[in-house]
Amino acid sequence: MSEKDLSDELLNAYLDGELSPAEAADVARLIAACPDKSARLITYRRIDQGLSVLYGGASEPAPRPVAAGRTRPGRWWLPLAACLLLAIGAAGGWGLRGLDGPGGEEQAEARIATLATDAHTVFVRENRHAVEVTAEEDEHLFRWLSNRLERDIFAPPLTDYGFALVGGRMLANETGPAAQFMYENAEEMRLTLYVSRSTEIEQTAFQVTEHDGVRAFYWVHEGFGYALVGPLARAEMLAIAQRVYDDLEGPAG
């Protein structure tokens, strides 16, 4: 699969979870190396989330018009939906910004969350290949990823929250190498921590995004983007994200 294969149809199927794990992994890799496709995926997700708000929450999928002769809904309705959501936001204080592709800090922040969530979704499904380097070789893992990202990096311990490190892997995006660490608890629930360079933003506060029951708390500090991704409740995710931030970027960092 190559970049030219990233059609709207394929992005639509990827967003809706209709691809096999192998296909989803290929699409995630291509999206990571293609900023305009990443931005388009962000747009799709924001509108999906907005439609869920509009139609009463995420417990029921928002209705999607089906064009005659098509076997799947597609997103030909996006411009209309965006206009509708923007109109409602203007009246009620809720808005949808950044729908025109890359441009500005909000899009750069959102790309971090999207890439982290995509990688999380792909690799938490894996058993034998969930990580490249296991926690038994943590010193090698941290040294390897630190060298590639040109910054000291490690996986903060989360045993206080019941999560043990499984291991990690190297990924890639438009800014170069990225790192993913994976954690698991006794119930086999998994969290991932994504770390990547941020060439467009130096510093941000915590932000949060949600998609299909998965939350991503993300932030940028000193030119690096971080995202903690998992299915825990918002308050639990925030507490763990704060611990990760303190460990990685505290007074000694």
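For the structure given in this document, a descriptive report is provided here. All values derive from a computational prediction rather than experimental measurement. (Residues numbered from 1 in each chain as written. Predicted model: local features only at pLDDT ≥ 70, side-chain atom pairs only at ≥ 80, totals over all residues. Heavy atoms only, no water.)

### Here's the deal with the sheet that holds strand β3 (residues 176–184)
Taken in spatial order, the 7 strands of this open sheet run β1-β2-β3-β4-β7-β6-β5, and their pairing is antiparallel. At either margin of the open sheet sits one strand with a lone partner, and together these are β1 (133–134) and β5 (207–211). Relative to strand β4 (residues 190–197), β3 runs antiparallel, the two being bridged by 7 bridges. By the bridge assignment for β4, Y183 is matched with L191. (Pairing = 2+ DSSP bridges. Helix = DSSP H or I, 4+ residues; strand = E, 2+ residues; numbered from the N terminus.)

### Some points on the nonpolar core
Core analysis: the biggest nonpolar cluster contains 29 residues, and L19, Y194 and A227 have the highest contact counts within it. The element contributing the most residues to this core is helix α5 (residues 105–123), with 7 residues. In this structure, F163, V195, F217 and V244 belong to the second largest nonpolar core, which totals 26 residues. (Core = buried A, V, L, I, M, F, W, Y, C linked by side-chain atoms within 4.5 Å. Buried < 20%, exposed > 50% of the residue type's maximum accessible area, 1.4 Å probe, protein only.)

### Observations regarding the pairing of strand β7 (residues 224–230)
Every other side chain in a regular strand lies on the same face of the sheet, so the side chains alternate between the two faces. Counting buried positions over the 7 residues of β7 gives 7, a clear majority of the element. Pairing between β4 and β7: 6 bridges, direction antiparallel. Bridge pairing in β7 places Y194 opposite A227. In this structure, strand β6 (residues 214–221) lies alongside β7, joined through 7 bridges in antiparallel fashion. Among the inter-strand pairings, R215 is bridged to a residue of β7, identified as G230. Count of turn residues in the β6/β7 antiparallel hairpin: 2 residues, of which E222 carries a positive phi of about 50°.

### A look at the packing of aromatic side chains
Following the criterion strictly, the structure yields 5 aromatic pairs and no others. Seen from their ring centres, W219 and Y245 are 6.2 Å apart, and the 70° between their planes marks the pair as edge-to-face. In this pair, W219 sits in strand β6 while Y245 sits in helix α7 (residues 234–249), placing the two residues 26 residues apart along the sequence. In textbook terms, an aromatic cluster arises when at least three aromatic residues are bridged by ring pairs, as seen for F206, W219, Y226 and Y245. For the cation-ring pair, R169 lies above F123, with the distance from its terminal atom to the ring centre recorded as 3.8 Å. (Phe/Tyr/Trp six-rings, centres within 6.5 Å; stacked < 30°, edge-to-face > 60°. Lys NZ or Arg CZ within 6 Å of the ring centre and 35° of its normal.)

### Some words on a negative patch on the surface
A cluster of acidic residues, E136, E137, D138 and E139, forms a negative patch on the protein surface. The topology assignment puts E139 in helix α6 (residues 138–149). A residue is classified by how much of its surface remains accessible, and E139, at 61% relative accessible area, is exposed. (Patch = residues over 30% accessible without salt bridge, like charges linked within 9 Å, V, L, I, M, F, W, Y side chains within 5 Å. Areas by Shrake-Rupley, 256 points an atom, 1.4 Å probe, with all protein chains shown as cover. Salt bridge = Lys/Arg side-chain N within 4 Å of Asp/Glu carboxyl O. Lys, Arg positive; Asp, Glu negative; His and termini not counted. Charge placed at Lys NZ, Arg CZ, Asp CG, Glu CD.)

### Some points on the side chain of T192
Tracing the chain through its elements places T192 in strand β4. Polar contacts involving the side chain of T192 include one to the side chain of H120, which spans 2.8 Å. Look past the residues within four positions of T192 in its chain and what remains in contact with it is H120, V124, Q180, F181, M182, A227, L228 and V229. (Polar contact = N/O pair within 3.5 Å; in protein donor to acceptor, adjacent residues only side chain to side chain. Contact = heavy atoms within 4.5 Å.)

### So, the pairing of β5
By the bridge criterion, 5 bridges tie β5 to β6 in an arrangement that is antiparallel. The residue of β6 that forms the bridge with V208 is F217. What sits between β5 and β6 in their antiparallel hairpin is a turn of 2 residues, with D212 showing a positive phi close to 55°.

### Overview of unusual backbone geometry
Positive phi outside glycine occurs at E150, with the angle close to 55°. As for its position among the elements, E150 is in the loop between α6 and β2 (164–173). Among the residues examined, E150 registers a relative accessible area of 65% and is labelled exposed. Despite not being glycine, E188 shows a phi value in the positive range, around 65°. Within the element layout of this structure, E188 appears in the loop between β3 and β4. Given the relative accessible area of 61%, E188 is considered exposed.

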